[in-house]
4 protein chains.
Amino acid sequence: MKQKKYIFTYTDQVRDYECDLQGIVNNANYQHYLEHTRHKFLEKNQLSFSELHKRGVDCVVARISIDYKNSLRPGDVYISCLNVEKEGIKYVFLQDIYKPNEENGTQQGVLCIRSRIETVALINGRLGTTKELDALAEETDSLKEN
Amino acid sequence: MKQKKYIFTYTDQVRDYECDLQGIVNNANYQHYLEHTRHKFLEKNQLSFSELHKRGVDCVVARISIDYKNSLRPGDVYISCLNVEKEGIKYVFLQDIYKPNEENGTQQGVLCIRSRIETVALINGRLGTTKELDALAEETDSLKEN
Amino acid sequence: MKQKKYIFTYTDQVRDYECDLQGIVNNANYQHYLEHTRHKFLEKNQLSFSELHKRGVDCVVARISIDYKNSLRPGDVYISCLNVEKEGIKYVFLQDIYKPNEENGTQQGVLCIRSRIETVALINGRLGTTKELDALAEETDSLKEN
Amino acid sequence: MKQKKYIFTYTDQVRDYECDLQGIVNNANYQHYLEHTRHKFLEKNQLSFSELHKRGVDCVVARISIDYKNSLRPGDVYISCLNVEKEGIKYVFLQDIYKPNEENGTQQGVLCIRSRIETVALINGRLGTTKELDALAEETDSLKEN
């Protein structure tokens, strides 16, 4: 399988309490995975969601769409992958979650979630953009050129 | 404000633990509200999510899209509204969440969430439809004719 | 069954997503029920957890003990009952959760949770007491005298 | 600081959504950390909570007590530590959560949570013990002898 390129990946494991009575991860919890991945991505870039909040910059989700392709189950390892693009004043996160390939354990195997998260930055309560967030979006662009 | 028609509405109140450090309901928790509303809707129609599961019928979400319009805050009351339509083998739930109108407290006021939840029924693990779910989808159709 | 007296009761229903793969309410979620009940109790007394927080008063849990007697299941209605006592600078909440009596639906039936929640008030970061919280604790005392 | 001995430790990091409007990890979420640590401990011993459930063995929590010593905040790393002892038919987990020591990052620093979780095993719905769980409890005993 051809590996899709992402500017950030985060690997973690399903916790049992995230599963519901169907024995699979509850749909809402994937949003937690996606949010946590974005925050880990910010962290890697020396930005913190809670620090931004204290400085008056709140990144809020305006629109989310998620395709549920395959379910994660108790104990499953997952690879959460992220790209981000700028569209007008929006920062659009393209986030996919995979089970790892069984053969090598590190690469993208079965696709579980394909999502698009449109966020906007509120700076002291008003819509705006910031240079530090713009810089992050440029990384994905440069990925395409290669 | 003109009131939109729905076949089912459910009123509840934000719980403080559903809010995150931004002081607003965490995005993922709206999915919990939407899921719970669907299950209350099934319940009203003498169907139960967990009973269906035991009978081998699992309703799973295939795709979700949510527009986040306005945030709910600690203590806010919300009105969660639902319609459902059949599209091929999909049962599509159109679910909106409002704050009540401040003047009368019971009608739709500020729109918080507009969502579209595409679900499919797995009957003993295979895609299918059931008469009882079809019947529910017809209610929304009859709403349009009026 | 003799009914135990409480100064506050709150009735609600299990949401399916609160249940885990064992098909019963996940243990951690009872703490959500207990917290929400305390906040509803504050609300009834014209106090709000988030308003208190803004005024520099944070009620924090110092110690919790919970006896898990019987499990709640999907769709179950529960009655969450509360008393509060003052012990030194602690506000101790005695909180029990019951399934309603099947015969009349409103009274305490099967005991599910028996808990003791020791809280302290941080006033601008320092341990303290407030008259408004003291007043709430006196209600339970007066209950005993009757 | 003298390091306390445990038979199992698990290190993870606070996720922002686990924090509430007070800006600290919500009390109920520590139960999630504790539960997940127990399940990781089982996993390390080739036992799985969900597999045990399928074989008719349900480990259920009978009683929990948690001392909340210090709060975890967004982004904090924590070390979740576990011992387990057998008391009659109970398996008692002694679980503590620390922030790591700032100097070396791996050892126990500030104590956040001290807890005692009493569990019982239901084997096909009846209280019982199993050899595999008994074996786990013996590990902690041997720790004491050293």
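Report follows, based on the coordinates. All of these numbers come straight from a predicted model, not from anything done at the bench.

## Notes on the overall build of chain A
Okay, step 1: The helix and strand inventory of chain A stands at 3 helices and 6 strands.
Okay, step 2: Helices (α) and strands (β) of chain A occur, in sequence order from the N terminus, as β-α-α-β-β-β-β-β-α.
Okay, step 3: For 146 residues, the compact-globule estimate of 2.2 N^0.38 gives 15 Å, and chain A sits close to it at 16 Å.
Okay, step 4: Taking the principal axes of the C-alpha coordinates as reference, chain A spans close to 45 × 40 × 25 Å.
Okay, step 5: Taking all 146 residues of chain A together, 59% fall into the buried category.
Okay, step 6: Residue pairs in contact within chain A that sit at least 24 positions apart in sequence constitute 69% of those at least 6 positions apart.
Okay, step 7: For chain A, the accessible surface area stands at approximately 6600 Å², while carbon and sulfur atoms represent 47% of it.

## Thoughts on the interface of chain C and chain A
Okay, step 1: Taken together, the 8 residues of chain C in the interface contact 8 residues of chain A.
Okay, step 2: Across the chain C/chain A interface, buried area totals approximately 500 Å², and carbon plus sulfur atoms make up 71% of it.
Okay, step 3: On the chain C side of the interface with chain A, the three residues burying the most area are Tyr17(C), Asp20(C) and Leu21(C), jointly 63% of the side's total.
Okay, step 4: Counting across the chain C and chain A interface gives 0 salt bridges.
Okay, step 5: Connecting chain C to chain A are 0 residue pairs in polar contact (both at pLDDT 80 or more).
Okay, step 6: Partitioned by chemical class, the residues of the side of chain C that touches chain A number 4 nonpolar, 2 polar and 2 charged.

## A short note on the packing of helix H1 (residues 27-44) of chain C against helix H1 (residues 27-44) of chain D
Okay, step 1: Running from N to C, H1(C) and H1(D) point in directions that differ by 175°, and their axes come no closer than 8 Å. Taken together, the axes of H1(C) and H1(D) are roughly antiparallel relative to one another. Packed against H1(C), whose contacting residues are Asn27(C), Ala28(C), Gln31(C) and His32(C), the element H1(D) presents Asn27(D), Ala28(D), Gln31(D) and His32(D) at the interface.
Okay, step 2: For the contact of H1(C) with H1(D), the per-class residue count stands at 2 nonpolar, 6 polar and no charged.

## Details of helix H1 (residues 27-44) of chain B
Because an α-helix completes one turn every 3.6 residues, residues spaced three or four positions apart along the sequence face the same direction.
Residue and element names in this part refer to chain B.
Okay, step 1: Helix length check: H1, at 18 residues, gives a terminal C-alpha distance of 27 Å against a target of 26 Å (1.5 Å per residue), a fit within 8%.
Okay, step 2: Here H1 lies mainly inside the structure; 16 of its 18 residues are buried.
Okay, step 3: Once H1 finishes, glutamine 46 follows within two positions and takes phi at roughly 60°, a positive value.

## Digging into the interface of chain B and chain A
Okay, step 1: Of the residues lining the interface, 22 residues belong to chain B; the matching set on chain A comes to 22 residues.
Okay, step 2: For the pair chain B and chain A, the two sides together bury roughly 2100 Å², of which 47% comes from carbon and sulfur.
Okay, step 3: Among the residues chain B hides against chain A, the three largest losses belong to Gln22(B), Gln31(B) and Tyr68(B). Together they make up 24% of the total.
Okay, step 4: Applying the counting rule to chain B against chain A returns 2 salt bridges.
Okay, step 5: Measuring nitrogen to oxygen at the nearest pair gives 2.8 Å for the salt bridge that ties Asp67(A) to Arg63(B).
Okay, step 6: Counting across the interface, chain B meets chain A through 15 residue pairs in polar contact (both at pLDDT 80 or more).
Okay, step 7: Those elements that provide at least two residues to the side of chain B that touches chain A are H1, helix H2 (49-54) and strand E2 (57-68) of chain B.
Okay, step 8: Across the side of chain B that touches chain A, the residue classes tally to 10 nonpolar, 8 polar and 4 charged.
Okay, step 9: Both strand E2 (residues 57-68) of chain A and E2(B) contribute to a ladder of 5 bridges, which runs antiparallel. Residue pairing in the sheet places Asp67(A) in a bridge with Arg63(B) of E2(B).

## Some details on the relation of the copies chain C and chain A
Okay, step 1: Overlaying chain C on chain A yields an RMSD of 0.0 Å, the required transformation being a rotation through 180° with an accompanying axial translation of 0.0 Å. Seen this way, the second copy is the image of the first under a two-fold rotation axis.
Okay, step 2: Comparing contact sets, 100% of the residues at the interface of chain C also lie at the interface in chain A, consistent with an isologous, same-surface contact.

## Let's talk about the environment of Ile113(C)
Residue and element names in this part refer to chain C.
Okay, step 1: Along the chain, isoleucine 113 turns up in strand E5 (residues 108-123).
Okay, step 2: In this structure the C-alpha to C-alpha distance between isoleucine 113 and tyrosine 30, which are 83 residues apart in sequence, comes to 8.0 Å.
Okay, step 3: Among residues more than four places away in sequence, those in contact with isoleucine 113 are Tyr30, Ile66, Asp67, Tyr68, Gln95, Asp96 and Ile97.

## Overview of the environment of Asn83(A)
Residue and element names in this part refer to chain A.
Okay, step 1: Within the element layout of this structure, asparagine 83 appears in strand E3 (residues 77-87).
Okay, step 2: Placed 58 residues apart in sequence, asparagine 83 and aspartate 141 show a C-alpha to C-alpha distance of 9.1 Å.
Okay, step 3: Within polar-contact distance, the side chain of asparagine 83 engages the backbone oxygen of lysine 5 at 3.1 Å.

About the criteria used
Residues numbered from 1 in each chain as written. Chains lettered and ligands numbered in written order. Predicted model: local features only at pLDDT ≥ 70, side-chain atom pairs only at ≥ 80, totals over all residues. Heavy atoms only, no water. Helix = DSSP H or I, 4+ residues; strand = E, 2+ residues; numbered from the N terminus. Rg over C-alpha atoms; globule rule 2.2 N^0.38 Å. Buried < 20%, exposed > 50% of the residue type's maximum accessible area, 1.4 Å probe, protein only. Contact = heavy atoms within 4.5 Å. Areas by Shrake-Rupley, 256 points an atom, 1.4 Å probe, with all protein chains shown as cover. Buried area = accessible area lost by both parts, 1.4 Å probe. Salt bridge = Lys/Arg side-chain N within 4 Å of Asp/Glu carboxyl O. Polar contact = N/O pair within 3.5 Å; in protein donor to acceptor, adjacent residues only side chain to side chain. Nonpolar A, V, L, I, M, F, W, Y, C, P; charged D, E, K, R; others polar. Axes fitted to C-alpha atoms, helices over the stretch in contact; angles between N-to-C directions. Parallel < 35°, antiparallel > 145°, perpendicular 65-115°, else oblique. Expected span 1.5 Å × (residues − 1). Pairing = 2+ DSSP bridges. Least-squares fit on C-alpha atoms with pLDDT ≥ 70 in both.

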